[in-house]
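# Observations on the model geometry
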Amino acid sequence: MATFVDRYPEEASVVKATLVVSFLSLGIGALFGLVQALHRTGYLRFLDSVDYYTILTGHGVLLALVFTIFFLMGLFTWAVVQSLERPLPDIRLSWAWVGLTTTGATFAAVAILAGLIPSIDMSADVLYTFYAPLMAHPLFYVGLAMFIVGTWLAGADWFLAYREWRAENPDERIPLQTFMVLTTMLMWYLATLGVAVSTVFFLIPWSFGWVETVNPLLTRTLFWFFGHPVVYFWLMPAYLMWYTVLPKLAGGRLFSDPLARVVFVLFLLLSTPVGIHHQYLDPGIAEGFKFIAMTNTMFLLLPSLLTAFTVVASMEHGARQRGGEGYVSWLGSLPWRDPAFTGMALAGVMFAAGGFSGMINAGMNINYLIHNTLWVPGHFHLTVGTAVALTMMAGSYWLVPQLTGKRLYSRPIGLLQVVVWFVGMVLMSNAMHRGGLAGIPRRTAEPQYQNFDFSMALGTVGEIRAGIAIGGTLLFVSVVLFLVNILLSAFEEPIENPVDDSLPEPLSGASGSPVVLDNLRLWTAIAVVLVILAYTLPLAGIVGDAGLLGDVPGVPVWVSANAEATLDLLTEVIA
Ligand code: HEM
Ligand SMILES: [Cu+2]
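In what follows, the accompanying structure is described. Keep in mind the model is a prediction, meaning the values are calculated, not measured.

Now for the overall build of the protein chain. A tally of regular secondary structure across the protein chain gives 19 helices and 2 strands. A compact globule built from 575 residues should have a C-alpha radius of gyration of about 25 Å, and the protein chain, at 23 Å, falls within 12% of that. In terms of overall dimensions, the protein chain has C-alpha extents of about 75 × 50 × 45 Å along its principal axes. Looking at the protein chain as a whole, 58% of its 575 residues are labelled buried. The contacts in the protein chain between residues at least 6 apart in sequence include a share of 83% that link residues at least 24 apart. Counting every atom, the protein chain has about 23300 Å² of accessible surface; 68% of that belongs to carbon and sulfur.

In structure tokens:
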């Protein structure tokens, strides 16, 4: 049977376009990561420390927002088309969202990078969390807004494809991959409302000078309204591959389709009403609301534990199909020479570790220990930085050949690449976690704190620095290996079947699961109610305290559009 590109050539071009943007961002973002890792630790410093924040913003935006989400858009397009077994309804719509998201991302990137060139009066050193009081050039926010609207159109494209399919298949269960895409997008529509309101109503008018002030706590809260669910937006493409591709690569079949559906529904319901768990230390939000956010967060562990069970069970099934035996020794029968399999499996292992450090973050009291320390980047380099990023890279070894009709340039290099990533991340993330416990802050170019004694339980600060620098260098090497391998694959000769792209039926199929699971309207309605319950009172309190635009005196204080005036005021206060 012909591969994806032969069956759906136009859709394959759309997916390839999103992956090109994704991988380009990965390359630039990884270079910035290397620069940071060496600068912070004092091994190599060629930047002014002031420019560190430009690089850090570029790193966060290009990797956490552009690399991941462009990959998602490509993967979801592939998943919808191949699971519904039909082309997209109107390819012009698809190119429209590719164009809009790419232009938006380019605007944001230009605004950030312009900060490195003194002669250009433009900068966006606002970090990837971009809430007030940090202010960027309007181009940054406008780009962001275009990017978000572009993702909405992409979602519309996939929903339209589903609607056409549904018209022809009124009684069938939604194919699993499409189900995953649709539930994820419903979550995304809900979540992006927060960031869209913040950007369009507050940050854009403020950066143009149309309004004098904004309420910084309001923009923070609206950011985190989006900022927690965005982690599931990163994670769901990885889950899609772990559930539907990894079992096949392992030589088996998905253990349970209904369980997979339950997990995605739980994420739709629970992702958004928890964002306040990023604000445990924000004054201006009552402790009770923080406590509710914590409780909801703990519920979110459930779908992740279900996933761990289902994915491991599927892999074990695969291993036993390949002749594996025993309680543990079946692990040896898995196809460890396949870079796509090994990368995804290692990503899953790292995700388990990230889950543990995430529970520390989520606990309201213990969060105070690690809040804003290096522990936090230590945590999310395991989750988005490895569970997601490594799954995406490894998955590409299997996906890209379907889009080009060409085989991967080198499987051994691929294998080396995923292992180097794993080793590099063990070093860097472990050092970051330990540094955080010692109180070393994140987001700073100058973490020396000369007169402060970091008392260590394990190892020395020097060892921690070495771990970050060596780990970061290995990670950068891994990205280079990945990009070179993908690039060289483009020069291979086209062949009939570059990979085995068939996906076997699950062991326990959709037909056995309750029909209500496919009732997307019901789940969306419950999700909306939960969000209203979680956010109405905190938002009312924040607006009541300081006004929509922060122009009511009180806590928090207003921030002036005129940065200089604010600075003068601050220097006066401090002096
Ligand atoms: C070459 C691989 C990478 C290296 C060497 C690296 C290094 C670093 C370092 C040292 C920091 C901490 C900077 C600080 O707080 O002062 C950081 C922050 C960060 N990294 Fe990475 N990283 C890499 C890959 C990734 C990936 C793949 C992602 C996500 C997909 C990612 C997302 C982030 C984010 C979101 C931040 C926080 C930015 C902020 O605080 O505003 N990184 N990275
Ligand atoms: Cu969160």
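Around ligand 1 sit 27 residues in total, of which R40, Y52, H59, H381 and R443 are the nearest. At a separation of 2.8 Å, a nitrogen atom of ligand 1 approaches a polar side-chain atom of H381. Residue R442 places a side-chain N or O atom 2.9 Å away from an oxygen atom belonging to ligand 1. Put simply, the parts of the chain that give the shell around ligand 1 at least two residues each are helix 2 (9–40), helix 3 (52–84), helix 15 (375–404), helix 16 (411–437) and helix 17 (461–489).

Attention now moves to the coordination of the iron atom of ligand 1. Taken together, the protein donors to the iron atom of ligand 1 comprise H59 (NE2) and H381 (NE2), at separations of 2.0 Å. Because the angles between the 6 donor atoms bound to the iron atom of ligand 1 fall within 87 to 179°, the donor set is best described as octahedral. Of the two residues, H59 sits in helix 3 while H381 sits in helix 15, which places them 322 residues apart along the sequence. With respect to burial, H59 and H381 carry one shared label: buried.

A separate point is the nonpolar core. Counting 174 residues, the largest nonpolar core has W78, F130, F140, W158, Y239 and W242 as the members making the most contacts within it. A per-element tally of this core places helix 3 first, with 20 residues. Apart from residues no more than four positions distant in its own chain, F130 is found in contact with L65, F140, Y141, L144, V195, T199, L203 and F223.

This part is about the coordination of the copper ion (ligand 2). Distances from the copper ion (ligand 2) to its protein donors, H228 (ND1), H277 (NE2) and H278 (NE2), fall at 1.8 to 2.0 Å. When the donors of the copper ion (ligand 2) are listed by position in the chain, the intervening gaps give H-x48-H-H. Of the two residues, H228 is situated in the loop between helix 7 (216–227) and helix 8 (229–244) and H277 in the loop between helix 10 (257–270) and helix 11 (287–299); the sequence distance between them amounts to 49 residues. Per residue, the accessibility class of H228 equals that of H277, and both read buried.

Peptide bonds are, in most cases, trans, and in most cases residues other than glycine have a negative phi. Note that the residue after A132, namely P133, is joined by a cis bond; omega there is 10°. Turning to its location among the elements, P133 is positioned in the loop between helix 4 (91–113) and helix 5 (138–168). Here F130, not a glycine, exhibits a phi torsion of approximately 35°, which is positive. Following the sequence through the fold, F130 ends up in the loop between helix 4 and helix 5. Judged by relative accessible area, F130 falls into the buried class, the value being 3%. We note that R443 has phi near 50°; this positive angle belongs to a residue other than glycine. As for its position among the elements, R443 is in the loop between helix 16 and helix 17.

We now examine the pattern of salt bridges. For the structure on display, the rule yields 14 salt bridges. Between R173 and D518 there is a salt bridge, and its shortest N-O distance comes to 2.9 Å. With R173 in the loop between helix 5 and helix 6 (176–208) and D518 in the loop between helix 17 and helix 18 (520–546), this pair connects stretches of sequence that are 345 residues apart. Looking at R173, the relative accessible area reads 18%, which means it is buried. D257 serves as the salt-bridge partner of R261, at 2.8 Å between the closest nitrogen and oxygen. A residue pair is termed a helical-turn pair when its members lie 3 or 4 positions apart in one helix, as R261 and D257 do in helix 10 at 4 residues.

In this section: the packing of helix 10 against helix 12 (residues 301–321). Contact pair helix 10 / helix 12: the axes reach a minimum separation of 9 Å and the direction vectors enclose 155°. For the element pair helix 10 / helix 12, the angle class is roughly antiparallel. Judged by the twist between their axes, the crossing of helix 10 over helix 12 is left-handed. Across the interface between the two elements, L259, V262, V263, L266 and F267 from helix 10 touch L302, P303, S304, L306, T307, F309 and T310 from helix 12. Counted by class, the contact of helix 10 with helix 12 contains 9 nonpolar, 3 polar and no charged residues.

Interhelical geometry of helix 2 versus helix 4 gives an angle of 15° and a closest axis separation of 10 Å. Relative to helix 4, helix 2 is oriented roughly parallel. As for the relative orientation of helix 2 and helix 4, their crossing is left-handed in sense. Here E10, E11, S13, V14, A17, T18, V21 and F32 of helix 2 come into contact with helix 4, specifically with I91, S94, W95, W97, V98, T102 and L113. The residue inventory of the contact of helix 2 with helix 4, partitioned by class, reads 9 nonpolar, 4 polar and 2 charged.

Attention now goes to the packing of aromatic side chains. Taken as a whole and judged by the stated rule, the model has 30 aromatic pairs. When the centroid spacing of 5.3 Å and the interplanar angle of 50° are considered together, the rings of F4 and Y8 count as tilted. A residue is classified by how much of its surface remains accessible, and F4, at 0% relative accessible area, is buried. Taken together through their ring pairs, the aromatic side chains of F130, Y131, F140, Y141, W188, F223, W224, F226 and F233 make up a single cluster.

About the cut-offs
Residues numbered from 1 in each chain as written. Chains lettered and ligands numbered in written order. Predicted model: local features only at pLDDT ≥ 70, side-chain atom pairs only at ≥ 80, totals over all residues. Heavy atoms only, no water. Helix = DSSP H or I, 4+ residues; strand = E, 2+ residues; numbered from the N terminus. Rg over C-alpha atoms; globule rule 2.2 N^0.38 Å. Buried < 20%, exposed > 50% of the residue type's maximum accessible area, 1.4 Å probe, protein only. Contact = heavy atoms within 4.5 Å. Areas by Shrake-Rupley, 256 points an atom, 1.4 Å probe, with all protein chains shown as cover. Near = heavy atom within 4 Å. Polar contact = N/O pair within 3.5 Å; in protein donor to acceptor, adjacent residues only side chain to side chain. Donors = N, O, S within 2.8 Å, 3.2 Å for Na, K, Ca; no water. Tetrahedral: all angles 85-135°; square planar, octahedral: opposite > 155°, others 65-115°. Core = buried A, V, L, I, M, F, W, Y, C linked by side-chain atoms within 4.5 Å. Salt bridge = Lys/Arg side-chain N within 4 Å of Asp/Glu carboxyl O. Axes fitted to C-alpha atoms, helices over the stretch in contact; angles between N-to-C directions. Parallel < 35°, antiparallel > 145°, perpendicular 65-115°, else oblique. Left-handed = near helix turned anticlockwise from the far one by under 90°. Nonpolar A, V, L, I, M, F, W, Y, C, P; charged D, E, K, R; others polar. Phe/Tyr/Trp six-rings, centres within 6.5 Å; stacked < 30°, edge-to-face > 60°.

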